[in-house]
Amino acid sequence: MKKVVKKEVMDDFQPLVSVVLPFYNAPHLQEAIESILDQTYANFELLLIDNGSFDHSAEVAQTYARHAKVRLLNEPEKGVVFAANKGIAQANGDLIARMDADDISNPERLERQVEMFRNKPALSVVSGLVEYLGSPQNEGFLTYVDWLNSVKTTTDIWFNQFVEFPLANPSLMIRKEVFTQYGGYQEGDFPEDYEFFLRLQCAGVEMDKVDEVVLSWRDIPSRLTRTDSRYSQDAFFKVKAKYLALWLSAHNAFHPDIFIWGAGRLSRRRSEYLLNEGVNVVKYIDLKESDRVLHYTSIPAPSEAFVVSYVGNRGVRSKIRNFLDQQGYKEGANYIMAS
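About the cut-offs
Residues numbered from 1 in each chain as written. Predicted model: local features only at pLDDT ≥ 70, side-chain atom pairs only at ≥ 80, totals over all residues. Heavy atoms only, no water. Phe/Tyr/Trp six-rings, centres within 6.5 Å; stacked < 30°, edge-to-face > 60°. Helix = DSSP H or I, 4+ residues; strand = E, 2+ residues; numbered from the N terminus. Buried < 20%, exposed > 50% of the residue type's maximum accessible area, 1.4 Å probe, protein only. Pairing = 2+ DSSP bridges. Axes fitted to C-alpha atoms, helices over the stretch in contact; angles between N-to-C directions. Parallel < 35°, antiparallel > 145°, perpendicular 65-115°, else oblique. Left-handed = near helix turned anticlockwise from the far one by under 90°. Contact = heavy atoms within 4.5 Å. Right-handed = clockwise from strand over helix to strand, strands pointing away. Core = buried A, V, L, I, M, F, W, Y, C linked by side-chain atoms within 4.5 Å. Expected span 1.5 Å × (residues − 1). Bend = angle between axes of the 7 residues up to and from the residue.

Caption draft 1: Up close: the packing of aromatic side chains. Overall, the coordinates contain 21 aromatic pairs when judged by the stated rule. Here F165 and F197 contribute two aromatic rings whose centre-to-centre distance is 5.1 Å and whose plane-to-plane angle is 40 degrees, an arrangement assigned as tilted. Of this pair, F165 sits in the loop between helix 6 (154-159) and strand 7 (173-175) while F197 sits in helix 8 (residues 192-202), placing them 32 residues apart in sequence. The residues F165 and F197 share a single accessibility class, namely buried. Seen in terms of ring centroids, Y194 and F197 are 6.1 Å apart; in terms of plane orientation they differ by 15 degrees. Their pairing is stacked.

And the structure:
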């Protein structure tokens, strides 16, 4: 373990960036902390929030709390929402960088993200590309990371907001005023990071990505996305439907009427969440025609319909995009991808 800097050296230090790192029984905590302390950018503080750990990670954090740039907080109410929000509330910086206890920030992460904020003052959220750190057998997560890294620009993020979460939460840097204006992470039966992202998208908050890897994202069996029902596919589609319905009310000229591409059992089940939000499905679109299903070659003109695609296969998603574009549909104006 590195020798830490005594606390009194920087008592009057005023950081621009506050790194908020909640932890609970975190075996990789030391590596995560060191990756922040090794940043090429110096004007930051690191807030460690202990969320009731009972392993050695609390001792590790206590050791680093003697560092001039590190503060250790305790949040007794269990849950990453409460721990993260406590860190954000206690932060002194104008920019909040999220970090998870399993991950590793690349040395130039903070420097590159601060630089993007300076170059693009209208931005409120800056993310970056991520490197997968886990088992190569986990093809699902690898595919997700590959897709996430393909969504690079503000426009890409906007078009893909309802496909999946196109930003890695522990890679985010956010203006603190965003939390003041729109609230922090919320507790509920949904993924708190995706709900927060959709809430900001709904409000028109501008986001972008550094076009380089800023974080090594570790996939471990105990990760909440694997163990907590709030991160299930159904939970994602339920919260997605809430914000998709709001988005459609603002961007669909035929609201509340839509056509849904995808007539399989899974697509129909997920579309039920949209129906519960007051959206009306005129017909489904698929490869085979029936009473409520149009063959995809028979879809109305873009001047007569709005299409929401619930087909999740990545290769097929691209084909649907290409087909709709060829038919004169424009993404965001006449159709949107939602899976």
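Now, onward.
Caption draft 2: Geometry of the sheet that holds strand 10 (residues 280-286). Taken in spatial order, the five strands of this open sheet run 11-10-9-12-13, and their pairing is parallel. Looking at which strands have only one partner, the edges of the open sheet turn out to be strand 11 (293-295) and strand 13 (335-337). Pairs of neighbouring strands in the sheet enclose a mean axial angle of 30 degrees, with direction left out of account. Strand direction decides the pairing type here: strand 9 (residues 257-261) and strand 10, joined by five bridges, are parallel.

Caption draft 3: Broad picture of the packing of helix 1 (residues 29-37) against helix 2 (residues 57-64). Orientation of helix 1 relative to helix 2, taken along the N-to-C sense of each, is 25 degrees, at an axis distance of 9 Å. The orientation of helix 1 with respect to helix 2, classified from their angle, is roughly parallel. The two elements helix 1 and helix 2 cross, and the hand of that crossing is right-handed. For the pair helix 1 and helix 2, the contacting residues are L29, Q30, I33, E34 and L37 in the first and S57, V60, A61 and Y64 in the second.

Caption draft 4: Quick look at the sheet that holds strand 8 (residues 207-218). The eight strands are arranged 3-2-1-4-7-6-8-5 in an open sheet whose pairing can be described as mixed. The outermost strands of the open sheet, each flanked by one partner alone, are strand 3 (70-74) and strand 5 (104-105). Two elements, strand 6 (residues 125-133) and strand 8, share nine bridges in a ladder whose sense is parallel. Residue pairing for strand 8: E131 is matched across the bridge by S216. Packing of helix 1 onto the sheet brings it into contact with strand 1 (17-23), strand 2 (44-50), strand 3, strand 5 and strand 8, and relative to strand 2 it is tilted by some 165 degrees.

Caption draft 5: Representation of the environment of G184 in the model. Position of G184 among the secondary structure elements: in the loop between helix 7 (176-182) and helix 8. Taking the C-alpha atoms as reference, G184 lies 14 Å from M173; in sequence the two are 11 residues apart.

Caption draft 6: Local environment of the environment of A203. Assignment of secondary structure puts A203 in the loop between helix 8 and strand 8. Measuring from C-alpha to C-alpha, the distance between A203 and Q113 comes to 22 Å, with 90 residues separating the pair along the chain.

Caption draft 7: Fine view of the pairing of strand 9. Burial analysis of strand 9 places four of its five residues in the buried class, which makes it a mostly covered element. Where the polypeptide runs from strand 9 across helix 11 (residues 265-276) and back to strand 10, its parallel neighbour, the crossover connection is right-handed. The sheet contact formed by strand 9 and strand 12 (residues 307-309) spans three bridges and is parallel. Its bridge partner being in strand 12, F259 is matched across the sheet by V307.

Caption draft 8: Expanded view of the pairing of strand 4 (residues 95-98). What you see with strand 4 is no split at all: L95 and A97 on one side and I96 and R98 on the other are buried throughout. As paired strands, strand 1 and strand 4 are joined by four bridges and run parallel to one another. Pairing of V20 across the sheet is with R98, part of strand 4. As paired elements, strand 4 and strand 7 share three bridges and run antiparallel to each other. From the neighbouring strand, L95 faces strand 7, where its bridge partner is R175.

Caption draft 9: Layout of the nonpolar core. If you look at the biggest cluster of nonpolar residues, it comprises 107 residues, and the most contacted ones within it are V17 and L244. At nine residues, the largest contribution of residues to this core is made by helix 10 (residues 233-251). With residues near it in sequence (within four places) discarded, V17 still touches Y41, N43, F44, E45, G93, L95, A97, L110, V114 and M173.

Caption draft 10: How the structure looks around helix 10. Taking 1.5 Å of rise per residue, the 19 residues of helix 10 would be expected to cover 27 Å, and the 25 Å separating its terminal C-alpha atoms lies within 8% of that figure. The largest bend in helix 10 comes to about 25 degrees, at A241. Every buried residue of helix 10 is listed here: A235, F236, F237, V239, K240, A241, Y243, L244, A245, W247 and L248. In this fold, the buried residues of helix 10 make contact with helix 6, helix 8, strand 9, helix 11, strand 12 and strand 13.

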